[in-house]
Amino acid sequence: MSATSAFTEFVQPQMGRVFTALGLDVEYERAEGNTLYHRDDQGELVPVLDLMGGYGSLILGHNHPEIVAHAKELLDQNRAVHAQFSLRGEAGRLGAALSDVVRRETGIKEPYLATFGNSGAEAVEAAVKHAELVRVTKAAALAEEIAAHLEAARDAVRSGAATVDPDAHQLPALQGQAAPAAGIEGLLAAIGAHNAAVLTTKPLFLALERSFHGKLVGSVQLTYNAGFRTPFQNLGTRVRFVPMDRPELLDRIAEDERVVLLDTELADGRVRVVERDFPAITAFMVEPVQGEGGIHALTAEQGRAIRLFCNKVGTALIIDEVQSGMGRCGAFLASSLIGLRGDYYTLSKSLGGGLAKVSAMLVRRSLYQGEFDLIHSSTFAMDDFSSSIARKVVEMLEADDGRVYRQVTERGERLVEMLADLKSAYPDVIEEIRGKGLFVGVQLRDQGEARSMVLRGSAYTGALGYLLSGYLLRQERIRIAPTGSAGNVLRIQPSAHLTDEEIERLRGALDRLCRILRYEDTLHLVHP
Ligand code: PMP
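Rules of the game
Residues numbered from 1 in each chain as written. Predicted model: local features only at pLDDT ≥ 70, side-chain atom pairs only at ≥ 80, totals over all residues. Helix = DSSP H or I, 4+ residues; strand = E, 2+ residues; numbered from the N terminus. Buried ≥ 20, exposed ≤ 12 C-beta atoms within 10 Å, placed from the backbone. Contact = placed C-beta atoms within 7 Å. Near = placed C-beta within 6 Å. Nonpolar A, V, L, I, M, F, W, Y, C, P; charged D, E, K, R; others polar. Core = buried A, V, L, I, M, F, W, Y, C linked by C-beta atoms within 7 Å. Pairing = 2+ DSSP bridges. Axes fitted to C-alpha atoms, helices over the stretch in contact; angles between N-to-C directions. Arc of directions from axis to C-beta. pLDDT = per-residue confidence, 0-100.

A word on the overall build of the chain. When you go through the chain residue by residue, the secondary structure sums to 17 helices and 20 strands. By its C-alpha atoms, the chain is 95 × 60 × 45 Å across when sized along the principal axes. In the chain, buried positions account for 42% of the 528 residues. Long-range pairs, those at least 24 residues apart, make up 70% of the contacts in the chain with a sequence separation of at least 6.

By nearness alone, 15 residues border the ligand, and Gly120, Ala121, Gly214, Val322 and Gln323 come closest of all. Within the shell around the ligand, the residues separate by chemical class into five nonpolar, seven polar and three charged.

Another aspect to go through is the nonpolar core. Among the nonpolar cores identified, the biggest contains 125 residues, and Phe284, Ile318, Tyr344 and Leu362 are the most heavily contacted of them. A per-element tally of this core places helix α13 (residues 384-425) first, with 12 residues. If near-sequence neighbours (up to four positions away) are discounted, tyrosine 344 is found in contact with Ala127, Ala131, Ala316, Ile318, Ile319, Met361, Leu362 and Val363.

Where strand β1 (residues 28-32) lies against strand β2 (residues 35-39), four bridges are found, and the strand directions are antiparallel. Of the residues in β2, the one forming a bridge with alanine 31 is leucine 36. The antiparallel pairing of β1 with β2 creates a hairpin that spans two residues between the two strands, and glycine 33 there sits at a positive phi of about 55°.

Let us look at the sheet that holds strand β17 (residues 439-444). The four strands are arranged β16-β17-β20-β19 in an open sheet whose pairing can be described as antiparallel. Across the chains shown, the open sheet's two edge strands, defined by having one partner strand only, are β16 (430-436) and β19 (481-482). In the sheet, β19 pairs with strand β20 (residues 489-492) via two bridges, with the strands oriented antiparallel. The residue of β20 that forms the bridge with proline 482 is leucine 490. Relative to β16, α13 is tilted by about 170°, and along the sheet it contacts β16, β17 and β20.

Here the focus is the sheet that holds strand β3 (residues 45-50). Within the open sheet, the four strands sit side by side as β1-β2-β3-β18. Their pairing is mixed. The open sheet has two free edges, formed respectively by β1 and β18 (478-479), since each of these has just one partner strand. Both β2 and β3 contribute to a ladder of five bridges, which runs antiparallel. Looking at β3, one finds that threonine 35 is bridged to leucine 49.

Take unusual backbone geometry next. Phi is positive for asparagine 63, close to 45°, though the residue is something other than glycine. Look at asparagine 63 and you get partly exposed, because 16 C-beta atoms sit within 10 Å. A positive phi angle, near 70°, is found at arginine 210, a position not held by glycine. When you line up the elements, arginine 210 lands in the loop between β6 (204-208) and α9 (226-229). Taking the C-beta count within 10 Å as the criterion, arginine 210 has 22 such neighbours and is therefore assigned buried.

Here we come to the pairing of β17. Burial of β17 is extensive: six of the six residues sit out of reach of the surface. By the bridge criterion, six bridges tie β16 to β17 in an arrangement that is antiparallel. Residue pairing across strands places isoleucine 433 opposite valine 442, the latter belonging to β17. Between the antiparallel neighbours β16 and β17 lie two residues, among them glycine 437 with a positive phi of about 60°.

If you check which residues of helix α14 (residues 453-461) are buried, you get Leu455, Ser458 and Ala459. Buried residues of α14 fall within an arc of 105° about the axis and therefore sit on the same side. Of the exposed residues in α14, the ones pointing more than 90 degrees away from its buried face are Met453, Tyr460 and Thr461. For α14, the secondary structure elements touched by its buried residues are α15 (464-476). Phi for glycine 462, located one or two positions after α14, is positive at around 75°.

Attention shifts here to the confidence of the model for the chain. Segments scoring low in pLDDT should not have their predicted coordinates read at a detailed level. Per-residue pLDDT for the chain averages 95, and the proportion of residues at 70 or more is 98%. Interface predicted TM-score (ipTM) for the complex: 0.99; the corresponding pTM is 0.97.

The topology assignment puts leucine 308 in helix α11 (residues 300-313). C-alpha separation for the pair leucine 308 and leucine 250, spaced 58 residues apart in sequence, amounts to 9.6 Å.

Its location among the elements puts leucine 24 in the loop between α2 (13-22) and β1. Classification of leucine 24 by C-beta neighbours within 10 Å gives partly exposed; the count is 17. A sequence separation of 225 residues divides leucine 24 from leucine 249, and the C-alpha atoms of the two residues are 43 Å apart. In this structure leucine 24 touches Phe19, Ser469, Gly470 and Leu473, once residues within four positions along its chain are discounted.

As for its placement among the helices and strands, alanine 486 is situated in the loop between β19 and β20. In this structure, the C-alpha to C-alpha distance between alanine 486 and glutamate 292, residues 194 residues apart in sequence, is 7.0 Å.

Below you can see the structure in the form of structure tokens.
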């Protein structure tokens with residue numbers, strides 16, 4: 001049985017058939033830099049220019065010689081890899097390195113603590129859980145403080161030192177309650193009923209429309225794509241999605257979502273009722289450059305509005321840099337390029353250097369909850385092999401005063417220049433070129449009105465990008481995929497070592513592709 005048919009029969013039946021239908025049914029056996037190799041029918045190795053870059057996990061390319069050498073050295077030394085429940089030296093050194101880089105780049109003085117995981121979605125979920133732990137801890141402290149005030153009010157009235165303010169029941173929050181019993185006991189019972197209901201409200205998370213934060217039970221709730229999310233929406237978290245380009249809506253959300261606990265205040269022999277803001281929003285989760293949603297970068301102004309909102313309502317800002325971070329956009333953190341500072345950062349993808357599966361959730365030290373050490377863990381997290389590879393990657397990115405970041409910026413500009421040339425030659429085919437550094441999207445015009453049934457059909461099913469990916473692989477030996485949730489955006493995420501020749505190869509291939517689309521010469525797209 002060939003690997004392809006075993007994959008289709010035992011692993012992914014549907015995707016296996018899709019790959020076959022589109023001509024993407026190849027098995028790669030070797031990889032170096034920006035090149036993957038598969039065998040043709042004669043058994044010859046066929047090189048393919050890989051511009052998908054492991055869904056953005058290969059900023060240093062496939063099998064970078066220095067990373068491979070480092071991995072071999074670790075294995076040759078029989079290094080302890082699974083020494084759980086001990087002082088994990090490699091994880092510690094990686095945590096320190098990540099904290100230093102974040103502080104260097106953002107200018108934030110406070111160190112960050114790292115919680116390690118095995119995938120991007122896991123880092124997102126660690127951030128979600130940690131932020132919720134902070135919120136419930138805050139809520140419990142507030143409830144305790146209020147309980148003490150209510151007790152003091154009761155004592156003061158009973159001892160005759162104070163009386164209940166005649167307007168005490170007038171607060172809007174008490175209006176829905178049954179007619180209150182007179183006196184302090186009636187008031188305290190009404191406040192108690194209101195507060196008990198508030199304390200059990202489900203927390204709210206905010207995320208941006210078009211967001212992608214993963215596909216695990218928790219993270220998929222924060223992922224905008226309805227196809228991925230809705231089958232599981234009853235499992236989890238309450239999320240409100242905010243359009244990226246309408247930051248003015250944030251004020252309204254702050255107002256809509258404001259929840260208050262009631263407290264009493266004793267002054268001048270009177271017991272008054274006052275409102276205390278309840279922490280109802282756990283966190284705001286943002287990608288500084290949305291990837292799967294079609295490569296959309298947050299502007300500095302949008303970032304500022306989000307940061308201000310979080311400060312105002314006292315909620316945490318989680319910056320998901322799983323795809324945009326680790327040098328992808330020309331800096332360690334894409335958010336640093338727009339001056340946006342997070343309480344949390346999530347990292348993964350290129351952190352593993354193309355060999356290890358590793359992710360990190362970073363949180364400001366002053367927010368860190370000690371018990372999180374124990375209540376969030378995984379057998380494989382913090383393993384010495386992945387941690388050591390990840391530290392090597394961080395060292396390589398930071399070497400020579402950030403040479404890799406400069407290289408990504410320069411290569412990205414060169415790539416975008418070429419794509420812009422194509423866009424001006426084919427404005428009828430290419431709608432927009434977007435992105436930052438080597439995180440680039442080519443948005444194609446909708447083909448819903450095309451005369452060709454092939455194009456119209458693929459536009460209708462959202463499969464245009466996949467059809468073109470199959471064509472580019474078969475005819476041009478170039479590997480490009482559309483973004484996960486926007487099928488008409490081709491993602492281009494090569495390594496920092498992208499050469500001029502590779503850019504020119506892509507130019508030639510896309511030029512031929514644009515011509516096919518312009519003249520609706522679609523037989524070329526579907527011919528084997
Ligand atoms: N967050 C972002 C921004 C991502 O792009 C992704 C993956 N595309 C994830 C989270 C989830 O990462 P993983 O696939 O490793 O779970």
